[in-house]
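# An overview of the molecular structure
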Amino acid sequence: MSINHHMIAIKSHHVSTCLIGILMLCPVFGISETISVNENQFNQVALSSNAIKKLGLDVQEIRLAKALSSKLYPAQIGYAPQALTHYITPFSGYVELNAKLHLGDQVKAGQTLFKIKPVVTPETRLSLLTNLSDTEGQLKSSHEQVEANRLVFNRARQLLLQHVGSQKNVDDAQANLAIAETNFNTIKQKQSLLKQAVADGASGVYEIKAAKEGVITLLNFTSGQLLGAGSQLMDIGSTNQLLVTVFVPQAQIKNLQLNDAWIKDRDISDKDIPLKKIPLPLEADLQTGLRKVIYAASHMGELAAMQKISVNILDREPTQMVLGLPCSAIVLDMYGGEWIYLKEDKTHFRRERVFVSDNTSHTCVVNKPHLQGRFVVSHGAQELFALETGYTH
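Residues numbered from 1 in each chain as written. Predicted model: local features only at pLDDT ≥ 70, side-chain atom pairs only at ≥ 80, totals over all residues. Heavy atoms only, no water.

### What about the overall build of the protein chain?
Looking only at helices and strands, the protein chain features 4 helices and 27 strands. Looking at the protein chain as a whole, 38% of its 393 residues are labelled buried. With the model as given, the accessible surface of the protein chain reaches about 22100 Å², and the carbon-plus-sulfur share is 53%. (Helix = DSSP H or I, 4+ residues; strand = E, 2+ residues; numbered from the N terminus. Buried < 20%, exposed > 50% of the residue type's maximum accessible area, 1.4 Å probe, protein only. Areas by Shrake-Rupley, 256 points an atom, 1.4 Å probe, with all protein chains shown as cover.)

### Digging into the state of the cysteines
Counted according to the given criterion, the structure contains 1 disulfide. With a sulfur-sulfur separation of 2.2 Å, cysteine 327 is cross-linked through a disulfide to cysteine 364. Its S-S torsion of approximately 115 degrees makes the covalent link between cysteine 327 and cysteine 364 right-handed. One end of the pair, cysteine 327, is in the loop between β21 (320–326) and β22 (331–332); the other, cysteine 364, is in strand β26 (residues 363–366), and 37 residues separate them in sequence. Residue classification places cysteine 327 among the partly exposed residues on the basis of a relative accessible area of 24%. (Disulfide = S-S within 2.5 Å.)

### Digging into the side chain of glutamate 352
Within the secondary structure layout, glutamate 352 lies in strand β24 (residues 348–354). For glutamate 352, a relative accessible area of 9% translates into the label buried. Looking at glutamate 352, its side chain comes within polar contact range of the side chain of histidine 370, at 2.9 Å. When sequence neighbours within four positions are dropped, the list of residues in contact with glutamate 352 reads Glu338, Trp339, Ile340, Leu342, Lys368, His370 and Leu371. (Polar contact = N/O pair within 3.5 Å; in protein donor to acceptor, adjacent residues only side chain to side chain. Contact = heavy atoms within 4.5 Å.)

### What to know about the pattern of salt bridges
Tallying each qualifying case throughout the model produces 12 salt bridges. Where lysine 276 meets aspartate 172, a salt bridge forms, and the shortest distance between an N and an O atom there is 3.2 Å. Taken together, the residues lysine 276 in strand β17 (residues 273–277) and aspartate 172 in helix α3 (residues 167–200) connect sequence positions 104 residues apart. Residue arginine 350 pairs with glutamate 352 through a salt bridge whose shortest N-O separation is 3.1 Å. Each of the two residues, arginine 350 as well as glutamate 352, counts as buried. When salt bridges with common partners are traced through the structure, they connect Glu344, Arg350, Glu352, Lys368 and Arg374 into a single cluster. (Salt bridge = Lys/Arg side-chain N within 4 Å of Asp/Glu carboxyl O.)

### Quick word on the sheet that holds strand β13 (residues 225–227)
In sheet architecture, strand pairing relies on hydrogen bonds along the backbone and comes in two forms, parallel and antiparallel. Strand order in the open sheet formed by 4 strands is β11-β10-β8-β13, with antiparallel pairing between adjacent strands. Lying at the two open borders of the sheet, with one neighbouring strand each, are β11 (206–209) and β13. Adjacent strand axes in the sheet meet at a mean angle of 35 degrees, parallel and antiparallel pairs treated alike. Inspection of the sheet shows strand β8 (residues 93–97) paired to strand β10 (residues 112–118) by 5 bridges, in the antiparallel sense. Its bridge partner lying in β10, glycine 93 is registered against proline 118. (Pairing = 2+ DSSP bridges. Axes fitted to C-alpha atoms, helices over the stretch in contact; angles between N-to-C directions.)

### Observations regarding the sheet that holds strand β14 (residues 232–237)
As summarised here, the arrangement of the 4 strands in space is β7-β14-β12-β9, forming an open sheet in which the pairing is antiparallel. Each of the sheet's edge strands pairs with one partner strand only, and the pair in question is β7 (84–88) and β9 (106–107). Summarising the sheet, β7 and β14 pair through 5 bridges and their orientation is antiparallel. Of the residues in β14, the one forming a bridge with leucine 84 is glycine 237.

### What to know about the environment of asparagine 185
By secondary structure assignment, the location of asparagine 185 is in helix α3. Remark: the alpha-carbon pair of asparagine 185 and alanine 211, spanning 26 residues in sequence, is separated by 6.3 Å.

### Quick look at the layout of surface pockets
For the largest pocket, the calculated volume is near 1500 Å³. Elements that contribute at least two residues to the lining of the largest pocket include exactly β7, α3, β15 (242–249), β17 and β19 (290–297). Per-element accounting of the lining of the largest pocket gives the leading share, 16 residues, to α3. Looking at side-chain class alone, the lining of the largest pocket contains 22 nonpolar, 18 polar and 9 charged residues. (1 Å grid on protein atoms, 1.4 Å probe; cavity = no way out; pocket = protein on both sides within 12 Å on 5 of 7 lines; lining within 4 Å. Points joined across faces, edges and corners; volume = space filled by probe spheres on them. Nonpolar A, V, L, I, M, F, W, Y, C, P; charged D, E, K, R; others polar.)

### Points about the confidence of the model for the protein chain
For the protein chain, the average pLDDT comes to 78, and 82% of its residues sit at 70 or higher. Of the regions scoring below 50 in pLDDT, residues 1–33 engages in 65 contacts with residues more than four places distant in sequence or in other chains. (pLDDT = per-residue confidence, 0-100.)

### What to know about the packing of aromatic side chains
Under the criterion given, the structure shown has 1 aromatic pair. Judged by centre distance (6.0 Å) and plane angle (75 degrees), the ring pair of phenylalanine 114 and phenylalanine 221 falls under edge-to-face. Here phenylalanine 114 is found in strand β10, whereas its partner phenylalanine 221 is found in the loop between β12 (214–219) and β13, with 107 residues between them in sequence. Both residues of the pair, phenylalanine 114 and phenylalanine 221, belong to the buried class. Sitting above the plane of the tryptophan 339 ring, arginine 351 keeps its charged end 4.5 Å from the centroid. (Phe/Tyr/Trp six-rings, centres within 6.5 Å; stacked < 30°, edge-to-face > 60°. Lys NZ or Arg CZ within 6 Å of the ring centre and 35° of its normal.)

Okay, structure coming up:
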């Protein structure tokens, strides 16, 4: 029998190897059906109705549709206001920095940052007593804020469990509770230091510890320096509380869906990073005339403060007609080539090469006008590819 003039028919449950060079067909699914492929058309697969049913193949018509496009804008990463913790001297004294710490170092909550040896005069002692009284009032107010935020958080979580609330409300309430607890811990530490300073006077040495974990973003003193009360010493920024500032021309603001923005950069993350718009008034950059739109990200990936990136923002109106395929219809070969399977008739499917130019959500855009009106395998394309070639991934 000459293979140049005949069809090749192979029982998939009887074959244990692939035919290389002529046809690659492996029994990877154990479907007891004869699959026929014309050797002159290796990109075609014929299946019986029973095999199609077992594979669960679905098809979808390829149609032209209006597509929303997006625009790319420059952006910069910065710390959220609540992410920065400022450390100041509660009283006059000599300040010694922890020798192991430097600008940019990561610190843990409770880690010693610096020590203060106070210089106490009668005037200083009176000032300490005044500060202690003020701090006790702040501590009481801060404790009430913590309890109020805890009630809001517990209520939001309960509503979510009852399916009448939203995850967004829970996340916002949890963030507010975390901020309130950080403020409370900072004030409590200040009160403890002032109490010790009033009791010990100039004989004590006081440790200042980190209220929360983060990165040292500012060092404003030299170790051993004599500083007055209220001097700014250090800032610590929380790395999981970053904001994205996007710079958008004023004339384009009205043409954008500002609530639909994301970061698409494979050097930062393998997946698109969705951004949540912060409801703040738009602020203008006086040097460039651009408007500042502020976003927060639920997953920051490899983002860091002061990093410059690009952000995609969706247009309000459709700008083009495109052929969109379900991304589940795209099959990749071992070289990264993109393929689809078109339905020829009830039992025949033909593999065709495509190039995906863009993708949004679950739709992949291809530039092949002749595909309009054809039916593509939307579910089961990978199984067809494996049956035809023996290649899976």
